[in-house]
Amino acid sequence: MADPKGFLSTPRREWPRRPVGERVRDWNEVYVPGALLPIISKQADRCMDCGIPFCHQACPLGNLIPEWNDLVSREDWRAASDRLHATNNFPEFTGRLCPAPCEAGCVLAINQPAVTIKNVECAIADRAWEEGFVEPRPPERLSDRTVAVIGSGPTGLAAAQQLTRAGHTVAVYERDDRLGGLMRYGIPEFKMEKHHLDRRLEQMRAEGTRFRTSTVVGRDIDAAELRARYDVVVIATGATAWRELDVPGRELAGVHQAMEYLPPANRVREGDIEVSPLSAAGRHVVIVGGGDTGADCLGTAVRQGAASVTQLDIYAQPGTERDDDTEPWPTYPKIYRLSAAHEEAATLRTAPAADADARLFAASTLRFSGDADGHVRALHLVEVDARRRPLPGTERTLPADLVLLALGFSGPDRHDGLIDQLGIELTPRGTIARDAGFATNVPGVFAAGDAARGQSLIVWAIAEGRAVAAAVDRHLTGRSELPTPIGPYDRPMTV
Ligand SMILES: Cc1cc2nc3c(=O)[nH]c(=O)nc-3n(C[C@H](O)[C@H](O)[C@H](O)COP(=O)(O)OP(=O)(O)OC[C@H]3O[C@@H](n4cnc5c(N)ncnc54)[C@H](O)[C@@H]3O)c2cc1C
Ligand code: SF4
């Protein structure tokens, strides 16, 4: 660290967001362009370079956080980029999208605001691209071994990049017409502009990774045939089987899953269609589910010009401070967080919700009711206690002509036939079963990411992609020099 007392003299400052009224009128990222670099070296200087960096352990990738904080505080951007890319293939994704468990584990966070680690990571990644530090790194020699990766989300991309660099011939099969998994058609542009993704894909193509889009393995290609054609198959198909809400009125028109609603909105941004067929414009929108997917629906509905938006969360509103008894430092606490989308909700008349941030907590959906044409017009709810028991007399009705279900995902999609064609065993949870080396019950078939670990995060997806690549490389060659992220993979998800 350039200044050992930086944490005493410099207060935490985050990358500022653009004014709410401005950003809801476009789809660009919510941050003020160019406002991060001028502040970031001083922020990195707040790092105390602790003897035991808990942040490093809290990051599923094992990012070398104190090392690159020091390099940024000294403005040695090339070295910072090298250290960051040593553990993370795609830091511009995590620098924008990660919930930053590292910051919950920062030692400063014991009694003052944590170092802005995620912002430092993003600044290094963006600067590295600007300066031309990020170049294709094709392998020096080829191994003659072939790998098919199924799925082009962060897991599949990280695995493919690592295996290509190790000299294997890698083809990525993707059912969508574009690459990127949930980062392409799930996550809205205002959280991460897609040019970040396209730039990385260009780097991967230049390194030699091959991509086959619009190809559903299991339908367009028989999965067993694919297995016979390649030395190894890696399943990285994500967990896209969504959870249902089994209440009366679910069949009404206008009640949709979040992942039916978000992709067309992203397709408008890609230029495929002019208007989303599920646009929220002029509608009263109710989002069922209090998580990040729900928040993405909220930000999208606000930008589409919804008449009102309410997000229902079945859990009670958490406090603003960590509860030291139940969630002591350095765990990732469940606290009240105001995402960019929740800030934006204040621009609408969120009439039915009590709070300006559009959320109703401890709210459980009882049923939907509709008009004579079978279109949803209202959502009926009741308040619940901590054990989800209805509180008598708290029933209410919200106007709703677009309802979005954002209740999470249970595991990999079974409709494509991939799992059955290969004879893959599943866990009781419905995810793909695998051993500690990422191998499934079928020889030569490995599984990683959300498909195997269950619905998770991009940082975990990249970590799993890197780790499965090392396991596959070892399987193919008997040894591997590919780095594998720290941390046992059987530990419960901490975020
Ligand atoms: C709306 C939304 C917002 C999110 N926001 C965040 C966030 O801000 N931060 C964060 O950390 N996490 C976020 N997540 C979670 C994160 O996106 C996932 O954990 C991550 O993308 C999982 O990566 P993956 O590669 O395992 O799977 P996915 O990203 O789901 O990719 C799997 C890919 O496999 C393809 N595929 C599936 N079956 C087949 C087949 N048979 N043949 C060919 N291809 C196939 C799919 O089309 C898909 O492209 C969000 C999730 C959602 C739904
Ligand atoms: S990837 Fe996430 S946890 Fe790791 S350093 Fe970046 S923000 Fe922190």
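Small disclaimer: the values here were computed from a predicted structure and weren't measured.

A.B. asks: Just to check I follow, could you spell out the overall build of the protein chain for this structure?
C.D. replies: When you go through the protein chain residue by residue, the secondary structure sums to 19 helices and 15 strands. Taking 23 Å as the expected radius of gyration for a compact globule of 495 residues, we find that the protein chain reaches 23 Å, a close match to that expectation. The principal-axis extents of the C-alpha atoms in the protein chain amount to approximately 65 × 60 × 45 Å. Taking all 495 residues of the protein chain together, 56% fall into the buried category.

A.B. asks: What exactly am I supposed to notice about the site of ligand 2 here?
C.D. replies: What surrounds ligand 2 is the set C59, N63, I65, T94, C98, A100, P101, C102, I117, K118, E121 and V459. Elements supplying a minimum of two residues to the shell around ligand 2: helix 8 (101-104) and helix 9 (117-131). Considering each element in turn, the shell around ligand 2 owes the most residues, 3 residues, to helix 9. Considering only residue class, the shell around ligand 2 consists of 8 nonpolar, 2 polar and 2 charged.

A.B. asks: How should I be thinking about the nonpolar core in this particular structure?
C.D. replies: Side chains of nonpolar character tend, in soluble globular proteins, to be buried together. The biggest cluster of nonpolar side chains holds 76 residues, and the ones touching the most others in it are V147 and V472. The element that contributes the greatest number of residues to this core is helix 19 (residues 458-477), accounting for 12 residues. Both domains that furnish three or more residues to this core are identified here as domain 1 (6-131) and domain 2 (146-240 + 410-477). Once you skip the residues sitting within four places of it in the chain, V472 turns out to touch V147, L163, V232, V234 and F446. Listed in part, the 26 residues of the second largest apolar core include A258, L278, A280 and A345.

A.B. asks: Can you help me understand the pairing of strand 2 (residues 169-173) in this one?
C.D. replies: When a strand is regular, its side chains alternate between the sheet's two faces. With 4 of 5 residues buried, strand 2 lies mostly within the body of the structure. With 5 bridges joining them, strand 1 (residues 146-150) and strand 2 adopt parallel strand pairing. Looking at strand 2, one finds that I150 is bridged to Y173. One crossover worth recording links strand 1 to the parallel strand 2 by way of helix 10 (residues 154-165), and it is right-handed. For strand 2 and strand 3 (residues 210-212), the ladder comprises 3 bridges, and the chain directions are parallel. In the strand pairing of strand 3, V172 is matched with F211.

What counts, and where the lines are drawn
Note that residues are indexed from 1 along each chain, following the sequence as it is written. Following the order in which they are written, the chains are lettered starting with A and the ligands numbered starting with 1. With the structure being a predicted model, the display of local features is reserved for residues of pLDDT at least 70 and the display and counting of side-chain atom pairs for 80 or more, all residues being used for whole-chain, interface and lining totals. To get the side-chain values, take all heavy atoms of the structure and skip hydrogens and water. We count a stretch as a helix when DSSP gives it H or I for four or more residues in a row; a strand needs E for two or more, and each element gets its number in order from the N terminus. With C-alpha atoms as the basis for the radius of gyration, the globule rule is written as 2.2 Å multiplied by the number of residues raised to the power 0.38. Each residue is assigned to one of three classes by its accessible area relative to the maximum for its type, calculated with a 1.4 Å probe on protein chains only: buried under 20%, partly exposed between the two thresholds, exposed over 50%. Summary of the distance rule: residues count as near a molecule or strand when at least one heavy atom falls within 4 Å of that molecule or strand. We call Asp, Glu, Lys and Arg charged. Ala, Val, Leu, Ile, Met, Phe, Trp, Tyr, Cys and Pro are nonpolar, and the rest, Gly among them, are polar. Residues belong to one nonpolar core when they are buried, are Ala, Val, Leu, Ile, Met, Phe, Trp, Tyr or Cys, and are joined through side-chain atoms within 4.5 Å. Each domain span listed reflects an automatic or database assignment of domains. Throughout, a contact is declared for two residues whenever any of their heavy atoms are within 4.5 Å. Two strands are said to pair when DSSP picks up at least two bridges between them. With the strands aimed away from the viewer, a crossover counts as right-handed if its path from the first strand over the helix to the second runs clockwise.

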